Structures are given as structure tokens and as C-alpha cells.
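One-letter residues, chain by chain:
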Amino acid sequence: MKMKNNLWAALCIGALAMTSLSACSDDDAPDLGGDKENPVIGNRWSGIQAEMWEVANQYVNQVVFPTYKNLAASADVLYEEAVNMQQKHDAGTLTDADVEAACDAFKTAREYWEKSEAFLYGAATDYNLDPHMDSWPLDQGQMADFMSNPTMVAGLYSDDPIAFVNQNNANFDTALGFHGLEFVLFRNGAPRPASVFDGVEDHESFANKPTVQCKDELAFLVAVAGDVRDNCYRLEVSWLGLQANTAHKARVTELGVKTHALDGNGYYYGADMLLAGTDGSSYASITAALVTLVGASGCGNIANEVASQKIGQAYRVATGQPSLDPNEPDAIDYIESPYSKRSYIDYRDNIYSIKNSLYGNIDQSAPAEKSVMTFLKNNGYSGAGDLQSALDNAIAKLTACVESGVAFVDNPGAQQAGDAMEAVDALNGQLEAASQWIEKQ
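Reading guide: rules and limits
Every chain begins its residue count from 1, and numbering advances along the sequence as written. In keeping with the predicted nature of the model, local features appear solely for residues at pLDDT of at least 70, side-chain atom pairs appear and are counted solely at 80 or more, and the whole-chain, interface and lining totals rest on all residues. To get the side-chain values, all heavy atoms of the structure are used, and hydrogens and water are removed first. By salt bridge we mean one thing: a side-chain nitrogen of Lys or Arg within 4 Å of a carboxyl oxygen of Asp or Glu. Each helix is a run of DSSP H or I of at least 4 residues and each strand a run of E of at least 2, with the numbering of both proceeding from the N terminus. Each residue is assigned to one of three classes by its accessible area relative to the maximum for its type, calculated with a 1.4 Å probe on protein chains only: buried under 20%, partly exposed between the two thresholds, exposed over 50%. As used here, the term nonpolar core means buried Ala, Val, Leu, Ile, Met, Phe, Trp, Tyr and Cys residues forming a set that is joined through side-chain atoms within 4.5 Å. Any two residues whose heavy atoms approach within 4.5 Å are treated as being in contact. Stacked, tilted and edge-to-face pairs are distinguished by plane angle, under 30 degrees for stacked and over 60 for edge-to-face with tilted covering the rest, among Phe, Tyr and Trp rings (Trp via its six-membered ring) whose centres lie within 6.5 Å. Definition used: whenever NZ (Lys) or CZ (Arg) falls within 6 Å of the ring centre and also within 35 degrees of the ring normal, the charge is taken to sit over that ring. Cavities and pockets were defined on a 1 Å grid built from protein atoms only: a cavity is a group of points that admits a 1.4 Å probe but offers it no way out, a pocket is an open group of points flanked by protein on both sides within 12 Å along at least five of seven lines, and a lining residue is one with an atom within 4 Å of any such point. Grid points are joined across faces, edges and corners, and a volume is the space filled by probe spheres set on the points. Three classes are used: nonpolar for Ala, Val, Leu, Ile, Met, Phe, Trp, Tyr, Cys and Pro, charged for Asp, Glu, Lys and Arg, and polar for all others, with Gly counted as polar. One less than the number of residues in a helix, times 1.5 Å, gives the span that helix is expected to have. Read the arc as the range of directions from the helix axis to the C-beta atoms. For every residue, the predictor reports its confidence as pLDDT, a number between 0 and 100.

**Some thoughts on the pattern of salt bridges**
What the rule picks out here adds up to 21 salt bridges. Across the salt bridge formed by Glu114 and Lys310, the nearest N and O atoms sit 3.3 Å from each other. Highlighted residues: Glu114 in helix α2 (residues 96–114) and Lys310 in helix α13 (residues 299–318), separated in sequence by 196 residues. In this structure Lys310 comes out as buried when scored by relative accessible area, which is 0%. Notably, a salt bridge pairs Glu117 with Lys310, separated by 3.2 Å at the nearest N-O pair. One end of the pair, Glu117, is in the loop between α2 and α3 (123–126); the other, Lys310, is in helix α13, with 193 residues separating them in the sequence. A relative accessible area of 0% places Glu117 in the buried class.

**A few points about the nonpolar core**
By size, the foremost hydrophobic cluster in this structure holds 134 residues, and its most contacted members are Ile311, Ile354, Leu358 and Leu376. Looking at which element gives the most residues to this core, the answer is helix α1 (residues 47–90), with 18 residues. Residues contacting Leu376, with those up to four places away along its chain left out, are Tyr381, Ala384, Leu387, Ala434, Trp437 and Ile438.

**Some remarks on the packing of aromatic side chains**
Per the counting criterion, the structure on display carries 18 aromatic pairs. Ring geometry for Phe106 versus Phe178: centroids 6.1 Å apart, planes at 75 degrees, classification edge-to-face. Linking Phe106 in helix α2 with Phe178 in helix α8 (residues 177–185), this pair joins segments that are 72 residues apart in sequence. No difference in accessibility class separates Phe106 from Phe178, as the two residues are buried. Following the ring pairs from residue to residue traces out a cluster consisting of Tyr59, Tyr68, Phe119, Tyr121, Trp239 and Tyr269. Seen from the ring of Tyr79, Arg229 lies directly overhead, with NZ or CZ sitting 4.5 Å from the centre. The ring of Tyr127 carries Arg234 above its face, with NZ or CZ at 4.4 Å from the centroid.

**Section: the layout of surface pockets**
Approximately 270 Å³ is the volume attributed to the largest pocket. Along the walls of the largest pocket sit 14 residues, with Gln140, His203, Pro338, Tyr339 and Val409 positioned nearest its centre. Of the residues assigned to the lining of the largest pocket, the class counts are eight nonpolar, three polar and three charged.

**A word on α2**
Between its first and last C-alpha atoms α2 spans 27 Å; for 19 residues at 1.5 Å apiece the expected length is 27 Å, and the two agree. Listing the buried residues of α2 in full gives Asp98, Val99, Ala102, Cys103, Ala105, Phe106, Ala109, Arg110, Trp113 and Glu114. Axial view of α2: buried residues confined to an arc of 160 degrees, hence all on one face.

**Some thoughts on the environment of Lys377**
Take Lys377: it is sitting in helix α15 (residues 372–378). Residues in contact with Lys377, not counting those within four places in the same chain, are Ala384 and Gln388.

**Points about the confidence of the model for the protein chain**
Residues of the protein chain with pLDDT of at least 70 account for 92%, and the chain-wide mean is 92. Long-range and interchain partners of residues 4–31, a stretch whose pLDDT sits below 50, account for 79 contacts in this model, where long-range means more than four residues apart.

**Thoughts on unusual backbone geometry**
The omega torsion of the bond from Trp136 to Pro137 falls at -5 degrees, within 30 degrees of zero and hence cis. In this structure, Asn188 takes a positive phi of about 55 degrees despite not being glycine. Looking at the secondary structure, you find Asn188 in the loop between β1 (186–187) and β2 (190–191). What makes Asn188 exposed here is its relative accessible area of 62%. Even without a glycine there, the phi angle at Asp263 is positive, about 55 degrees. Relative to the assigned elements, Asp263 resides in the loop between α10 (246–255) and α11 (269–274). For Asp263, a relative accessible area of 49% corresponds to the partly exposed category.

**A few points about helix α9 (residues 214–240)**
In this model α9 runs 39 Å from its N-terminal to its C-terminal C-alpha over 27 residues, within 8% of the 39 Å that 1.5 Å per residue would give. Extensive coverage of α9 is indicated by the burial of 26 of its 27 residues. Where α9 ends, the next residue or the one after it, Gly241, has phi of about 65 degrees, a positive value.

Put into C-alpha cells, the structure is as follows:
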């Protein structure tokens with residue numbers, strides 16, 4: 001998500017085909033049984049709200065849970081490849097293939113991250129994990145200052161470099177996360193040659209820091225990849241609870257960080273949504289949970305950001321259009337993933353995140369039976385076809401951008417960028433309309 005000042009269980013869930021509790025109103029607070037770590041979860045609703053719960057259940061178990069599990073597993077691989085690069089370099093055996101393997105691991109983890117951005121509400125927002133892992137654009141001056149500071153570099157070789165970058169990043173916070181990793185691994189859309197790590201950093205932003213050793217960037221890569229890994233573990237545990245990977249949960253416990261809703265006092269986040277309307281849940285009703293999923297906190301949030309900020313800022317500057325907010329001028333360098341030149345891929349993955357959330361499955365061609373899209377159609381929402389068309393068009397326009405071979409950073413004022421921006425903005429409008437309809441049910 002971007003520069004930090006921008007717009008912006010033991011869970012008895014499993015498949016959650018559990019025996020329904022008796023239906024009750026939003027004001028009821030039944031004794032659910034179990035406890036905060038292991039609550040009893042089931043469909044206690046009636047009528048259309050019972051259908052909403054089934055949609056939320058499908059979404060939590062078949063979209064959010066597997067996405068965060070895959071993200072955490074891919075972050076494991078990314079960290080291992082970063083360690084491999086540093087160890088191979090220390091041994092004098094680092095090859096281009098080693099760098100490419102790390103770049104491939106980065107791309108995989110990045111895909112799962114971007115496909116999670118339709119559900120950044122919850123732990124990612126509550127615990128600032130999104131800006132911590134995904135602030136951009138990277139401040140190259142910050143990076144240069146950090147890598148030329150002997151005290152900071154020494155921290156990268158300390159007994160716990162992961163903790164060091166996590167706790168001492170006040171002056172290089174934009175260099176953390178995926179985009180700091182991207183800067184070390186990629187340049188001009190390609191993996192860096194292994195040979196560069198034997199020399200000094202020659203990026204233009206380091207012109208006044210001529211002695212920065214690229215081998216120290218490998219130490220930075222390992223520390224930051226470890227920090228990203230730990231925070232991906234935290235997202236997994238925060239949503240899945242005891243269903244999370246055992247080793248990941250042990251690491252999160254070791255870190256001593258909060259993993260529950262309501263500032264650590266509620267349920268794990270998956271249970272929190274499925275226990276909507278009961279004491280201890282942050283959701284007043286199951287209707288409110290579905291509005292969160294579809295609307296301005298969930299799918300609508302990332303659609304708005306892709307259109308107005310991720311594409312919009314650089315496009316408006318390049319085409320001479322005014323900023324949306326006169327108090328916050330747009331920037332031509334406000335471009336995500338410029339070093340790998342994967343901006344359009346990131347943006348399309350964001351829309352796939354919306355599609356998965358609406359379809360109740362991952363990367364499938366048709367919605368699940370218990371999905372937002374099916375729910376809207378079955379309950380007579382007149383805008384369901386328009387929402388589907390807007391979703392399809394946004395994906396098609398971004399696919400055209402990806403397949404054009406012209407990176408966003410190389411031509412941010414291209415017509416294809418404007419077309420994609422308009423298509424995603426139209427999708428945002430349809431999501432807002434659907435959210436408003438759900439709220440009235």
C-alpha cells in the first residue's frame with residue numbers, strides 16, 4: 001500500500017460445516033461454548049443473513065486462509081533463497097542462477113501478497129503490517145544513507161539482523177519490505193548479474209555514497225526477507241489461529257506480537273468474521289461483515305487504490321492532469337515495482353484478489369455456489385451483471401497492459417494505462433453499489 005500518508009484459531013473452523021446454532025438477532029449474545037482460542041462456530045442466522053454467513057464462511061476458508069498460507073510458505077522460500085545468495089557469495093560461488101532463483105521466489109511471494117490486498121482490513125491494517133511490508137515508492141536516498149552508515153551496516157551482521165531492521169528502521173522505513181528486496185534483486189526489469197555483488201553500488205541515487213559495498217546489500221536482503229517472512233507468518237496466524245503452520249505459529253509466539261482482533265483482546269480474525277453479531281466480535285452483524293468484504297474496506301479499497309493512486313498518480317502527471325487532491329500533488333515516480341518492471345502484473349493481481357473474494361475461490365473461472373457473486377444473483381440484485389462485466393473488463397484491460405511488453409514505468413502516460421485506470425475505477429463504482437445494496441438487506 002504505499003507511502004504511509006496515502007489514502008487509502010485453535011479455530012474450529014476447518015471447512016466449518018458445523019452444526020448450526022439457533023438463529024438470533026444482532027442484539028443476542030449466546031453462550032457459544034469454547035473460548036477465545038477455540039470458539040464454537042456455526043451458522044446461527046436465519047433467512048438472507050444465513051445465506052450471508054455461508055458466503056462469509058466460504059470466503060474465509062476458501063480464499064483468505066489459503067492465500068495467507070501460500071503467502072507464508074512462499075515467504076519461507078524467499079528467505080531461504082536470500083540466505084543462499086549471501087552464503088554462496090561468502091564462499092565465492094554465487095551464480096546468476098542463484099540470483100534468478102531468488103528473483104523467482106520474490107515473484108511468487110509478491111503474487112500472493114498482491115492477491116491478498118482485497119482483504120487488507122484486519123491484521124494487515126490493525127497491526128500496520130501492510131505499510132511495514134509494502135511502502136512505496138522506495139526512497140532511494142534513505143536506502144543510500146542506510147547502506148553507507150557503518151552503524152546500520154554493522155546491525156546487518158549482528159546476532160539478530162531480522163530484529164535489527166524491524167526495530168531500527170525509523171530512518172529507512174520505505175526500504176523495508178518487498179520493495180527494498182526488489183531494489184537489491186532487480187534492475188531495469190531483470191535479475192542483477194551475480195558479479196555486481198563483488199563490487200560497489202553504482203545506482204544513481206548512490207552517487208554521493210561511492211563506497212557502498214553490494215555484498216552488504218546481500219546482508220540487507222537476508223534481514224529484510226526475514227522480517228517479511230515473520231510478518232507473513234503473523235498474517236497467517238492472525239487469521240487461521242491454530243490452523244496455521246505449527247512452525248510459523250511457534251515463531252510468532254517467540255516474537256511476542258499480537259495476533260487477535262480488538263487489539264489482541266478478541267478472536268483470531270477468521271473467527272472474528274464468522275462470529276459476527278456476538279459478544280467479542282468486532283462486527284456488529286453478518287451484514288456488516290459482508291459489507292466489509294465487498295466495500296470500501298475490502299474489495300472497494302484496493303480497486304480505488306489501483307485506479308486513483310497506483311495507476312492514477314503517475315498517469316495524471318504524465319498526461320498533464322491535475323491531482324485528485326490539490327493538497328497532495330501527484331508524483332511521476334509514484335510507481336510500484338519499478339525495478340522489476342512488474343507494475344501491471346501487481347495491479348492485475350490486485351484485481352484477481354477482488355475476483356477471488358467475490359467468487360469464493362482462488363483463480364477459478366466461475367463463482368462458487370456460496371459466493372458473493374452467486375448471492376447477489378440469487379437474491380435479485382439488479383447490478384450483478386454490471387459488476388461481473390466491470391470485473392471482466394478491468395482484468396482484460398490490465399492483461400492488455402501486461403501483454404503489451406511496455407512497462408508502466410517506461411510509459412506511465414500510455415493510453416493503455418488510462419484505459420486500465422478507467423476500467424478499474426468503473427469496477428470500484430460497481431463494488432460500492434453492491435456494498436450499498438448488501439447493507440440494506
